[in-house]
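Working through the structure, step by step
Chain residues, written in single-letter form:
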Amino acid sequence: MVPPVQYGGDEVSAIVLDIGSHTTRAGYAGEDSPKTVFPTTFSTVPGSPPTYTHGNSLHLYRPNSIHSNLLSDGLVTDWPALSRTLDHAFRDRMRLPDLSEFPLLVTEASWNTKENREKMCEVAFEEWKTPAYYTVDKSVMSSFASGKGSALVIDVGEEMTSVVPIYDGFVLRKAIQKQPVGGNLLSSVLLSQLKNSTPPIPVTPHYLVKTKEAVPVGAPAKATLRDERKFNPEDPNCPTTLSYHRSQEMRVMHEFKESTCEVLSGGWDDATAASTPTRPFEFPDGYNALFGLERLTVPEILFNPQRFLPQEFTQLPLPASTSTIPSHPYSNLQPITRLFSNSLVQIDPDLHSTFFNNIVVTGGTSLTQGFVDRLQTELAGLSGGMKTKIHAASSPAERIHSSWLGGSILASLGTFHQLWIGKDEYDEVGASIVTRRGGK
Amino acid sequence: MTSRDVRDIMSISEPAASPGLGGLQAPPPRRAGQQREKRPDGITRELYALMGDNAPSLALAQSTKPKFKERIKRTGPAIHWQLSAFTNPSRGAGKPESDDKAEEARKKLKLRHWVRDLPANHVDGSPDTKFAKFNTSSQPYSYTEDEYNKWLSDEAWPKEDTDHLFELAHQYDLRFIVMADRWERTPERGVDALKARYYSVCRVLVNNRPRPENLAPEEKEKADKLRQETLASFHFDINRETERKAYLKSLLSRTPEQIADEDFLYVESRRLEQSYNKIAAERAELLKILGGREGIGAQGGMQVGVGGGVKGVALGQKDAERKRKGQTGWEIEGLNGGGLPEGWAGEGSKRKATAQQDAANCIERHPAPSVSAPKANIWPSVGVRSSRIAPVKPGVASKVAAALTELGITTHLVMPTKANIEKIDTLQASLAQMVELKKAVDRIQSEIRMVKKKKDQLLGTEEETEVKKEDEDARTDREASIRTKRSASASSTSTNKRARH
């Protein structure tokens with residue numbers, strides 16, 4: 001007889017917080033999507049006191065505003081900004097004055113440091129008065145969201161690509177592979193390629209365009225620009241900062257990338273690339289054209305950085321990081337399949353077939369058209385005859401928010417509640433309790 | 001609005017006032033008490049009135065009122081959901097107080113959830129044991145300082161390392177993969193090294209820990225058995241594991257080309273095996289034909305009685321088996337294939353017939369049916385001799401019959417003496433053999449021709465094949481005649497050729 005399915009849920013109105021390098025998500029555990037989603041980047045207008053803007057309105061034009069990110073290498077570096085982010089998420093968006101009735105589950109990168117983890121715990125108990133707190137790994141949450149206890153998580157996000165093996169819910173730290181290749185790098189490369197093409201294609205961000213007119217394909221744009229906002233790096237009194245201008249240019253490039261870029265699912269081949277149809281794109285100033293080769297070469301960086309990453313990008317410095325788990329430098333970026341095999345080398349051979357059968361693909365950049373098919377083709381060549389199975393959520397929201405979703409599932413399970421760190425425990429032991437507990 | 005109103009609006013006269021019938025046929029006055037046809041449900045009064053006196057020609061599909069979704073009928077009082085705080089037994093709630101303050105603080109956490117129909121005597125903050133059954137623990141071994149000093153010191157494993165190992169074992173519930181990943185000391189130790197040390201420590205502990213004293217003897221035995229079982233479960237051979245993993249690694253690191261190669265070799269070897277089996281089967285078949293009645297490989301000196309044939313061989317083998325088992329074969333079968341057991345002379349008779357007497361009386365004895373035959377028919381009934389002529393195989397029967405007719409011999413003998421019957425039987429058998437051999441030769445020759453053609457196509461240019469073609473027929477004939485003589489070997493070589501192509 002089949003035993004009846006046991007409902008393992010036990011809602012304690014926990015809140016799940018997931019801060020990614022591009023988006024921050026917060027919401028109630030047990031729900032299938034976060035209550036609030038907003039960019040992690042924030043804007044600062046200098047002054048005394050300075051004005052900070054978090055959330056979706058940061059793209060609004062504010063003279064002298066500076067855009068910055070509170071994460072670097074996936075770890076929190078700007079703690080005051082983190083506090084303001086939490087404030088925005090909980091007070092402004094979720095309308096909770098504090099978390100005194102809500103246990104808080106926070107996700108963190110697999111390579112988080114002890115200090116960072118303890119600091120976050122402190123913020124949760126001291127500033128937010130949460131009755132219980134716990135920190136979980138993002139990759140583990142992604143694998144839980146796909147219903148797997150053991151999996152190899154390939155996360156291609158905004159800032160990084162990481163390959164993290166997970167065994168029975170534990171990260172195998174020695175086999176983590178990561179490198180700073182992600183949506184951000186692809187957009188930067190696109191931007192530089194468009195600017196350096198002949199003739200150069202001007203990328204005018206939304207904030208500069210006052211009005212625009214429809215123009216035929218390839219014709220120069222007919223738009224009135226807001227000259228008072230014009231970005232001029234030479235002028236120290238220019239009201240537009242480099243960081244704002246750059247961030248707005250990147251927004252256009254993200255859109256360009258999302259609407260045109262495609263990965264050749266059968267592997268790179270010059271003939272196929274040349275015969276793949278072009279796609280149109282209209283820039284904010286009305287200029288529109290058909291794009292062919294660049295929409296294929298740029299995402300190819302993920303699979304073959306040695307060939308497709310332009311020379312000037314190989315000299316970039318790595319993002320500052322306090323983590324002990326190193327990234328591959330820009331000068332020696334690895335193809336995604338190499339990251340995979342590098343990771344497998346570190347793992348006991350008995351587990352290889354498990355991992356080949358449970359590959360979880362997540363992260364926004366993995367939504368690039370053809371990405372999963374291509375990965376499947378390339379990994380099948382590595383598998384040595386083993387069955388290769390990729391689990392990638394088909395809905396974009398699930399792919400982007402998979403770590404939040406896993407947290408939402410975990411925090412609503414009745415069996416999870418023994419792991420919470422209670423307020424009393426924190427008071428008794430201090431912030432070091434998060435590292436002392438064996439959960440991680 | 002009624003039908004009358006509509007008629008009025010559209011200026012249609014009353015049906016009664018139709019021309020020709022006017023005045024003659026006034027509408028029959030409605031009788032008092034006459035029921036108008038009932039308006040079906042679901043049609044508004046106005047719509048029904050429009051239809052006038054015309055009854056619908058088809059019954060309306062829906063005679064009942066359209067129904068709304070049924071309301072949930074709740075009997076009894078409303079379910080009462082209540083927000084209640086609970087402690088978790090998995091955090092130690094409900095256990096006796098301990099001195100460890102952290103432990104005590106851990107017990108205190110109260111989470112709140114909604115519960116339906118809480119009992120009246122429920123205390124807020126009491127342990128909720130609903131999920132306690134999912135808690136598992138593998139309870140790894142641990143050792144004391146004394147035990148370590150006495151039995152467990154190992155040069156390769158300093159005490160700190162061993163301590164760290166057991167700490168990890170507790171923390172990660174013996175997940176050696178995770179333990180190896182979290183190993184923080186130098187030298188770096190792999191999964192197998194950790195397993196080997198852990199299990200060796202466990203074995204030593206199980207072996208040396210004294211058995212609880214004052215046990216009953218049978219309990220002692222039980223304890224010993226348990227100890228042996230535990231020891232066996234802690235067996236771990238690091239060399240074997242490393243070797244196995246090395247093999248596994250090399251298996252996993254094959255390139256796609258290597259895998260394709262191996263697959264090809266496997267398929268090829270399977271094919272060779274199959275073609276070998278086929279050749280062997282064909283050869284056996286040929287040998288059988290060549291052997292004729294007696295078959296090749298039948299025991300020498302076998303007496304094959306009339307009508308024995310291949311069956312006779314089998315029978316003879318059975319006989320041999322029986323003799324090996326120490327039975328005489330007397331009980332059921334007569335000697336020398338006699339129809340009646342020797343010495344048998346009727347029910348209840350004591351007289352024993354001898355071979356000489358039989359010869360003198362012209363008595364032929366035939367084998368009795370096998371043991372499995374029903375008791376009532378143990379002895380063969382009397383029959384005509386011609387019925388004992390072995391039937392010819394149906395496949396060649398027609399050709400054998402044709403050959404016989406050609407020779408002018410009929411199987412219906414005028415004088416079916418024993419000798420005659422034997423002769424005709426031998427003749428039939430040889431004819432059958434001949435026909436079968438002819439078939440085999442034909443088949444093999446055609447095969448040879450096909451293979452040659454193929455070979456020429458593959459090897460030779462067109463001129464060459466033409467040159468060859470000239471003498472091909474002659475050579476084929478010559479070869480065929482040679483091959484007929486030793487067809488067994490010919491068939492094997494030809495099939496070999498086929499296999500190669």
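Throughout this document, residue positions are counted from 1 along each chain, in the order its sequence is written. Chains carry letters and ligands carry numbers; both start at the beginning, A for chains and 1 for ligands, and go up in the order they are written. Totals for whole chains, interfaces and linings use all residues, but because this is a predicted model, local features are given only for residues with pLDDT of at least 70 and pairs of side-chain atoms are given and counted only at 80 or more. Side-chain numbers here rest on the full set of heavy atoms in the structure, without hydrogens or water.

1. Some remarks on the overall build of chain A
Looking only at helices and strands, chain A features 15 helices and 21 strands. Radius of gyration: over C-alpha atoms. The globule rule applied is 2.2 Å multiplied by the number of residues raised to the 0.38 power. The globule rule puts the C-alpha radius of gyration for 440 residues at 22 Å, and the 23 Å found for chain A is close to it. Its C-alpha atoms put chain A at 65 × 65 × 40 Å along the principal axes. A 1.4 Å probe rolled over the protein chains alone gives each residue an accessible area, and that area as a share of the maximum for its type sets the label: buried under 20%, exposed over 50%, partly exposed in between. Every one of the 440 residues in chain A was classed for burial, and the buried ones make up 57%. Look at the contacts in chain A between residues 6 or more apart in sequence, and 69% of them connect residues 24 or more apart. Note on charges: Lys and Arg go in the positive column, Asp and Glu in the negative column, and His and the chain ends are not counted at all. One atom stands in for each charge, and that atom is NZ of Lys, CZ of Arg, CG of Asp or CD of Glu. When the 38 positive and 47 negative side-chain charges of chain A are each reduced to one mean point, those points stand 2 Å apart. Numbering of helices and strands starts at the N terminus; helices are DSSP runs of H or I of at least 4 residues and strands are runs of E of at least 2. When checking whether two residues touch, look at their non-hydrogen atoms; a contact exists if any pair is within 4.5 Å.

2. A short note on the interface of chain B and chain A
The interface is formed by 38 residues belonging to chain B together with 44 residues belonging to chain A. Summed over both sides, the interface between chain B and chain A buries roughly 3,400 Å², with carbon and sulfur atoms accounting for 56% of that surface. Summed over both partners, buried area is the accessible surface (1.4 Å probe) that two parts give up on being assembled. If you sort the residues of chain B by the area they bury against chain A, Phe131, Ile177 and Leu252 of chain B come out on top, with a joint share of 18%. A carboxyl oxygen of Asp or Glu within 4 Å of a side-chain nitrogen of Lys or Arg is what we treat as a salt bridge. On inspection of chain B and its partner chain A, the count reaches 7 salt bridges. Its salt-bridge partner being arginine 175 of chain B, residue aspartate 168 of chain A comes within 2.8 Å of it at the nearest N-O pair. Each polar contact in these results corresponds to two N or O atoms within 3.5 Å; when the atoms are within protein, one needs to be able to donate a hydrogen and the other to accept it, and residues that are neighboring in sequence are counted only if both atoms are side-chain atoms. In this structure, the connection of chain B to chain A is made through 16 residue pairs in polar contact (both at pLDDT 80 or more). For the side of chain B that touches chain A, the secondary-structure elements that each account for two or more residues are helix 3 (101–108), strand 2 (111–116), helix 6 (176–182), helix 9 (238–252) and helix 10 (256–291) of chain B. We call Asp, Glu, Lys and Arg charged. Ala, Val, Leu, Ile, Met, Phe, Trp, Tyr, Cys and Pro are nonpolar, and the rest, Gly among them, are polar. Partitioning the side of chain B that touches chain A into residue classes produces 17 nonpolar, 5 polar and 16 charged.

3. Some remarks on the pattern of salt bridges
Following the criterion strictly, the structure yields 38 salt bridges over all chains and no others. Salt-bridge contacts for lysine 245 of chain B lead to aspartate 348 of chain A; the nearest nitrogen and oxygen are separated by 2.9 Å. Taken as a pair, lysine 245 of chain B in helix 9 and aspartate 348 of chain A in the loop between helix 9 (336–345) and helix 10 (352–357) lie in two separate chains rather than in one. Across the pair, exposure class does not vary: lysine 245 of chain B and aspartate 348 of chain A are buried alike. In this structure, the salt-bridge partner of glutamate 241 of chain B is arginine 244 of chain B, at a minimum N-O distance of 3.2 Å.

4. Things to note about the nonpolar core
Side-chain atoms within 4.5 Å link the members of a nonpolar core, which is a set of buried Ala, Val, Leu, Ile, Met, Phe, Trp, Tyr and Cys residues. Grouped together as the largest cluster of nonpolar side chains are 84 residues, with contacts concentrated most on Ile154, Leu185, Met253, Phe283 and Leu375 of chain A. No other element matches the 9 residues that helix 7 (residues 191–208) of chain B contributes to this core. Contact partners of leucine 185 of chain A, with chain neighbours within four places excluded, come to Pro180, Ile301, Leu309, Phe313, Leu316, Tyr330 and Leu333 of chain A. Membership of the second largest hydrophobic core comes to 64 residues, among which are Leu86, Tyr134 and Val164 of chain A together with Phe86 of chain B.

5. Things to note about the environment of valine 189 of chain A
Turning to its location among the elements, valine 189 of chain A is positioned in helix 4 (residues 183–196). Expressed as a C-alpha distance, the spacing of valine 189 of chain A and cysteine 121 of chain A, which sit 68 residues apart in the sequence, is 38 Å.

6. Section: a nonpolar patch on the surface
Patches draw on residues past 30% relative accessible area with no salt bridge. Two like charges within 9 Å are joined, as are two nonpolar side chains (Val, Leu, Ile, Met, Phe, Trp, Tyr) within 5 Å. Here, Shrake-Rupley sampling with a 1.4 Å probe gives the accessible areas, and only protein chains in the shown set may cover a residue. Together, Ile9, Met10 and Ile12 of chain B make up a nonpolar patch on the protein surface, roughly 340 Å² of accessible area in all. Residue placement: isoleucine 12 of chain B occurs in the loop between helix 1 (3–9) and helix 2 (45–50).

7. Describing the sheet that holds strand 21 (residues 421–422) of chain A
Residue and element names in this part refer to chain A. For two strands to be treated as a pair, DSSP must find at least two bridges joining them. Reading across from one edge, 3-2-1-9-10-21 is the order of the 6 strands in this open sheet, with mixed pairing throughout. A single partner strand is all that each edge strand has here, and the edge strands are strand 3 (36–39) and strand 21. Examined bridge by bridge, strand 9 (residues 104–108) and strand 10 (residues 132–137) share 5 bridges and lie parallel to one another. Paired with leucine 105 across the strands is tyrosine 134, a residue of strand 10.

8. Looking at the domain arrangement of chain A
Residues and elements named next belong to chain A. In terms of domains, chain A is made up of domain 1 (15–139 + 398–438) and domain 2 (183–312). The domain boundaries here were taken from an automatic or database domain assignment. The straight-line distance from the C-alpha centre of domain 1 to that of domain 2 is 33 Å. Taken together, the contact pairs 9 residues of domain 1 with 11 residues of domain 2. Between domain 1 and domain 2, a total of about 870 Å² is buried, with carbon and sulfur atoms accounting for 53% of that surface. The three residues of domain 1 that bury the most area against domain 2 are His59, Tyr61 and His67, which together make up 67% of that side's buried surface. Summed over the shared surface of domain 1 and domain 2, the result is 0 salt bridges.

9. Remarks on helix 7 of chain B
Residues and elements named next belong to chain B. The end-to-end C-alpha distance of helix 7 is 26 Å, a good match for the 26 Å that 18 residues give at a rise of 1.5 Å each. Residues of helix 7 that are buried include every one of Val191, Asp192, Leu194, Ala196, Arg197, Tyr198, Tyr199, Val201, Cys202, Leu205 and Val206, and no others. Summarising the contacts, the buried residues of helix 7 are in contact with helix 4 (145–152), helix 5 (159–171), helix 6, helix 8 (217–233) and helix 9. Helix span, expected: 1.5 Å multiplied by one less than the number of residues in the helix.

10. A closer look at the packing of aromatic side chains
Pairing of aromatic rings covers Phe, Tyr and the six-membered ring of Trp, with a centre-to-centre limit of 6.5 Å; geometry is then stacked below 30 degrees between planes, edge-to-face above 60, and tilted otherwise. Enumeration according to the criterion identifies 30 aromatic pairs over all chains in this entry. Judged by centre distance (4.6 Å) and plane angle (20°), the ring pair of phenylalanine 125 of chain A and tyrosine 426 of chain A falls under stacked. Residue phenylalanine 125 of chain A is found in helix 2 (residues 114–127), and its partner tyrosine 426 of chain A is found in helix 14 (residues 423–429); the two are separated by 301 residues along the sequence. Each member of the pair, phenylalanine 125 of chain A as well as tyrosine 426 of chain A, carries the same accessibility label: buried. When the centroid spacing of 5.6 Å and the interplanar angle of 65° are considered together, the rings of phenylalanine 176 of chain B and tyrosine 198 of chain B count as edge-to-face. Here phenylalanine 176 of chain B is found in helix 6, whereas its partner tyrosine 198 of chain B is found in helix 7, with 22 residues between them in sequence. A ring is considered to have a charge above it if a Lys NZ or an Arg CZ atom is located within 6 Å of its centre and within 35 degrees of its normal. Against the face of phenylalanine 42 of chain A rests arginine 84 of chain A, its NZ or CZ located 5.2 Å from the ring centre.

11. A look at the packing of helix 3 (residues 138–145) of chain A against helix 13 (residues 402–411) of chain A
All names here are of chain A. To obtain each axis, a line is fitted to C-alpha atoms, and for helices this fit is confined to the stretch in contact; angles are then taken between N-to-C directions over 0 to 180 degrees. Put simply, helix 3 and helix 13 touch, their axes get as near as 7 Å, and they point 75° apart. The angle between helix 3 and helix 13 places the two elements in the roughly perpendicular class. For the pair helix 3 and helix 13, the contacting residues are Lys138, Met141, Ser142, Phe144 and Ala145 in the first and Ser402, Ser403, Leu405, Gly406, Gly407, Ile409 and Leu410 in the second. Looking at the contact of helix 3 with helix 13, its residues break down into 6 nonpolar, 5 polar and 1 charged. Between 65 and 115 degrees an angle is taken as roughly perpendicular, under 35 as roughly parallel, over 145 as roughly antiparallel, and anywhere else as oblique.

12. Quick notes on the confidence of the model for chain B
Detailed reading of the predicted coordinates is not advisable wherever pLDDT falls low. Residues and elements named next belong to chain B. Summing up the model confidence of chain B, the mean pLDDT is 73 and the portion of residues at 70 or higher is 67%. The pLDDT score gives, residue by residue, the confidence of the prediction method on a 0 to 100 scale. Mean pLDDT across the elements of chain B ranges from a minimum in helix 16 (residues 487–500), with 42, to a maximum in helix 6, with 92. Contacts from residues 483–501, a stretch scored under 50 in pLDDT, to residues over four places away or in other chains number 31 contacts. Reported confidences for the modelled complex are a pTM of 0.71 and an ipTM of 0.86.

13. Points about unusual backbone geometry
Only a minority of non-glycine residues have a phi that is not negative, and only a minority of peptide bonds are not trans. Residues and elements named next belong to chain A. A cis amide bond, omega -5°, links serine 48 with the succeeding residue proline 49. With respect to the helices and strands, the residue proline 49 is situated in the loop between strand 4 (42–45) and strand 5 (51–53). Residue proline 199 follows threonine 198 across a cis peptide bond; omega there is -10°. Notably, aspartate 73 is not glycine yet its phi reads approximately 60°, a positive angle. Following the sequence through the fold, aspartate 73 ends up in the loop between strand 7 (71–72) and strand 8 (75–76). With a phi angle near 60°, arginine 95 is a residue other than glycine that sits in the positive phi range. Residue position: arginine 95 is located in the loop between helix 1 (79–93) and strand 9.

14. Side note on helix 3 of chain B
Taken together, the buried positions of helix 3 of chain B are Glu104, Ala105, Arg106 and Lys107 of chain B. Check the buried side of helix 3 of chain B and you find it contacts helix 14 of chain A. The distance from a side-chain oxygen at the start of helix 3 of chain B to the backbone nitrogen of alanine 102 of chain B is 3.1 Å, and the residue carrying that oxygen is aspartate 100 of chain B.

15. Overview of a negative patch on the surface
A cluster of like negative charges, contributed by Asp424 and Glu428 of chain A together with Asp99, Asp100 and Glu103 of chain B, occupies part of the molecular surface. If you trace the backbone, glutamate 103 of chain B turns up in helix 3. On the accessibility criterion, glutamate 103 of chain B (37% relative accessible area) is partly exposed.

16. Here we look at the sheet that holds strand 5 of chain A
Residue and element names in this part refer to chain A. Read across the open sheet, the 3 strands follow the order 5-4-6; overall the sheet is antiparallel. At either end of the open sheet lies a strand with only one pairing partner, and these are strand 5 and strand 6 (66–68). Going from strand to strand, the sheet's axes swing by 25° on average, the running direction of each strand aside. Inspection of the sheet shows strand 4 paired to strand 6 by 3 bridges, in the antiparallel sense. Opposite threonine 44, over in strand 6, you have isoleucine 66 as the bridge partner.

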